[in-house]
Amino acid sequence: MKAGLEGLNPEGKRVLVRVDFNVPLLEDGGIRDDSRMRACLPTIQELRSRSARVILATHLGRPKGKPVEALSTRPLAARLCALLGTEVSWCPECVGPVAVAAAGALRDGEVLLLENLRFHPEEEANELGFAAQLAALADLYVNDAFGTAHRAHASTEGVAHILPAYAGRLMERELAALSEILESPPRPLVAIMGGSKLSTKLGVIDHLLPGVQQLLLGGGMAATFLVAEGAQVGRSLVEPDFVARATEILDRAPSLGAEVHLPTDVVVAAGPESTAAEARSCPAGEVGAEEMILDVGPATARRWSELVQRAGTVVWNGPLGVYENPAFAGATRLVAAAVGESSAVSVTGGGDLQAALESLGLVSKFTHVSTGGGATLEFLEGRELPGVAALRERLAVP
Ligand code: ADP
Ligand code: MG
């Protein structure tokens, strides 16, 4: 994307930056994980160093169009202040006279965080009047909210049609890393799919399949594929309505030059809460009637580790097992470590896989860990994201 920050002259200008600070919160209102905030720091710091007046807008949680005290962005301002090492002012409104005054009072290099955009129903409705009110706060617009780019909301889409619009550094980095996977990945390209349900990942599998050399299928969705191959999987997470689609994928893959790998052994137990002592590994065809597949087995994980070590590119979505329980995080840990040691370009997406990699301390070993959940999946499905499309339409604007 050419409409990046190098294309704008922000000196002394008010720049409205849409960020995705939709961080997971603790029960007491604290911030559980500020990675999404840290991911936007390069854009914010660059704008400050170039003497912009930075106005940050985000949503937080699902307040459903009305003010919810627990979802105020106020605590985020304090955290941002610590992360930036500079003062951040906070405005209790995101549009209207109070917000206009706060934005107008900014001096060069200063930062203001607005209240939660989704306290107004007009944000998600992408109402033109609301987009115009946001636009009235600033001279320029920068979208750095990749994680929300699959939504056509007033702050991600509408406002880009009103103000000169640019992609932030995080947005650029996400699009570059994910585009490389779809357009020109170093080969062989190994795709690893896990997570809970096949139904939510079918679009990605369909879109990636023609370009992939090896497709490794783990997580809950593997059970649906094993059933398609005629295996008994006991009480595993199977989606009966999608067995036919699983069969179709297995049949189609060879003609596209893709090898599909299902687990040949699995870790099973009575349920996700079982302990390691209560679990056992067995061949994929020998799951007991009362057992559940909760992880990919150790022999499969070792073979998959060898495959990723020979890969040019690895794209990975969804954990291989119920990683929240250490008893079922083994395959994810082993394969992730192998990806980390390999020289492959490695790109991952999905909130749960990111959380798994963070708890394993392996995030830094990957080339790119996408901050997007739904946005990443939709991009890998080959769909144009409305937030990105709106920026492209504005390429001509100086
Ligand atoms: P992501 O957020 O990375 O895209 P998903 O949301 O699709 O991943 O899936 C993550 C969930 O899948 C986790 O909560 C994990 O416990 C669950 N999961 C993984 N393997 C299994 C399995 N074999 N059976 C049931 N659930 C599983
Ligand atoms: Mg998830």
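Just so it is clear, the structure is predicted and the values come from calculations on it, not from any experiment. (Residues numbered from 1 in each chain as written. Chains lettered and ligands numbered in written order. Predicted model: local features only at pLDDT ≥ 70, side-chain atom pairs only at ≥ 80, totals over all residues. Heavy atoms only, no water.)

Colleague: Would you mind showing me how to read the overall build of the protein chain here?
Modeller: Helices and strands together make up the secondary structure of the protein chain, namely 15 helices and 15 strands. Here the C-alpha coordinates of the protein chain stretch approximately 70 × 45 × 35 Å along the principal axes. Across the 398 residues of the protein chain, 55% fall into the buried class. Summarising the internal contacts of the protein chain: among those between residues at least 6 apart in sequence, 74% fall at separations of at least 24. Put simply, the protein chain shows about 16,100 Å² of open surface, and 52% of that area lies on carbon and sulfur atoms. Taking the average place of the 35 positive charges on the side chains of the protein chain and the average place of its 48 negative ones, the gap between the two points comes to 3 Å. (Helix = DSSP H or I, 4+ residues; strand = E, 2+ residues; numbered from the N terminus. Buried < 20%, exposed > 50% of the residue type's maximum accessible area, 1.4 Å probe, protein only. Contact = heavy atoms within 4.5 Å. Areas by Shrake-Rupley, 256 points an atom, 1.4 Å probe, with all protein chains shown as cover. Lys, Arg positive; Asp, Glu negative; His and termini not counted. Charge placed at Lys NZ, Arg CZ, Asp CG, Glu CD.)

Colleague: Looking at this structure, I do not really get the packing of helix H12 (residues 330-341) against helix H13 (residues 351-360). What am I missing?
Modeller: Relative orientation and spacing of two packed helices are given, respectively, by the angle between their axes and the distance between those axes. Between H12 and H13, the shortest axis-to-axis distance is 11 Å and the interhelical angle comes to 80 degrees. Judged by the angle between their axes, H12 and H13 are roughly perpendicular. Contacts from Thr332, Arg333 and Ala336 in H12 reach Leu353, Ala356, Leu357 and Leu360 in H13. For the contact of H12 with H13, the residue count by class is five nonpolar, one polar and one charged. (Axes fitted to C-alpha atoms, helices over the stretch in contact; angles between N-to-C directions. Parallel < 35°, antiparallel > 145°, perpendicular 65-115°, else oblique. Nonpolar A, V, L, I, M, F, W, Y, C, P; charged D, E, K, R; others polar.)

Colleague: What should I look at first to understand the environment of valine 17 in this one?
Modeller: For valine 17, the location among the structural elements is in strand E1 (residues 14-18). Take valine 17: its relative accessible area is 0%, and that puts it in the buried class.

Colleague: For this particular structure, what's the right way to read the sheet that holds E1?
Modeller: In any sheet, the strands associate via hydrogen bonds between backbone groups, in a parallel or an antiparallel arrangement. Taken in spatial order, the six strands of this open sheet run E3-E4-E2-E1-E5-E6, and their pairing is parallel. Only two strands of the sheet have a single neighbouring strand rather than two, namely strand E3 (88-91) and strand E6 (165-167). With strand direction ignored, the average angle separating the axes of adjacent strands in the sheet is 25 degrees. Across five bridges, E1 lies against strand E2 (residues 53-57) in parallel orientation. Following the sheet pairing, valine 15 is matched in E2 by valine 54. (Pairing = 2+ DSSP bridges.)

Colleague: Honestly, the pairing of strand E10 (residues 265-269) in this entry has me stumped. Any pointers?
Modeller: Residues in a regular strand project their side chains so that they alternate between the two faces of the sheet. By the criterion of burial, E10 is predominantly enclosed, with five of the five residues buried. Here E10 shows a buried face lined by Asp265, Val267 and Ala269 and a second buried face lined by Val266 and Val268. Examined bridge by bridge, E10 and strand E11 (residues 280-283) share four bridges and lie antiparallel to one another. Looking at E11, one finds that valine 267 is bridged to serine 281. With four bridges joining them, E10 and strand E12 (residues 292-296) adopt antiparallel strand pairing. The residue of E12 that forms the bridge with valine 267 is aspartate 295.

Colleague: Looking at this model, I keep getting lost on the sheet that holds strand E13 (residues 313-317). Mind explaining?
Modeller: If you walk across this open sheet you meet the six strands as E9-E8-E7-E13-E14-E15, and the pairing is parallel. The strands lining the two open edges of the sheet, one partner per strand, are strand E9 (259-261) and strand E15 (368-369). Summarising the sheet, strand E7 (residues 189-193) and strand E8 (residues 214-217) pair through four bridges and their orientation is parallel. Each residue of the ladder has a partner; that of isoleucine 192, found in E8, is leucine 216. In the packing of helix H11 (residues 298-309) onto the sheet, contacts are made with E7, E8, E9 and E13, and the angle to E8 comes to roughly 150 degrees.

Colleague: Can you walk me through the environment of glycine 61 in this structure?
Modeller: When you line up the elements, glycine 61 lands in the loop between E2 and helix H3 (74-84). Between the C-alpha atom of glycine 61 and that of leucine 380, which follows or precedes it by 319 residues, the distance is 24 Å. Excluding residues within four positions of it along the chain, glycine 61 makes contact with Asn22, Leu71 and Arg118.

Colleague: Got a minute to help me understand the pattern of salt bridges in this structure?
Modeller: For side chains of opposite charge, pairing can occur when their charged atoms come near one another. In the structure shown here, the tally under the stated rule is 19 salt bridges. Across the salt bridge formed by arginine 245 and aspartate 206, the nearest N and O atoms sit 2.5 Å from each other. With arginine 245 in helix H10 (residues 243-252) and aspartate 206 in helix H8 (residues 202-208), the pair connects residues that are 39 residues apart, well separated along the chain. Taking the relative accessible area as the measure of exposure, arginine 245 reaches 26% and is therefore partly exposed. Given the relative accessible area of 23%, aspartate 206 is considered partly exposed. Across the pair glutamate 378 and arginine 383 runs a salt bridge whose closest N-O atoms are separated by 3.9 Å. (Salt bridge = Lys/Arg side-chain N within 4 Å of Asp/Glu carboxyl O.)

Fair warning: the whole summary comes from geometry, so function is off the table for now.
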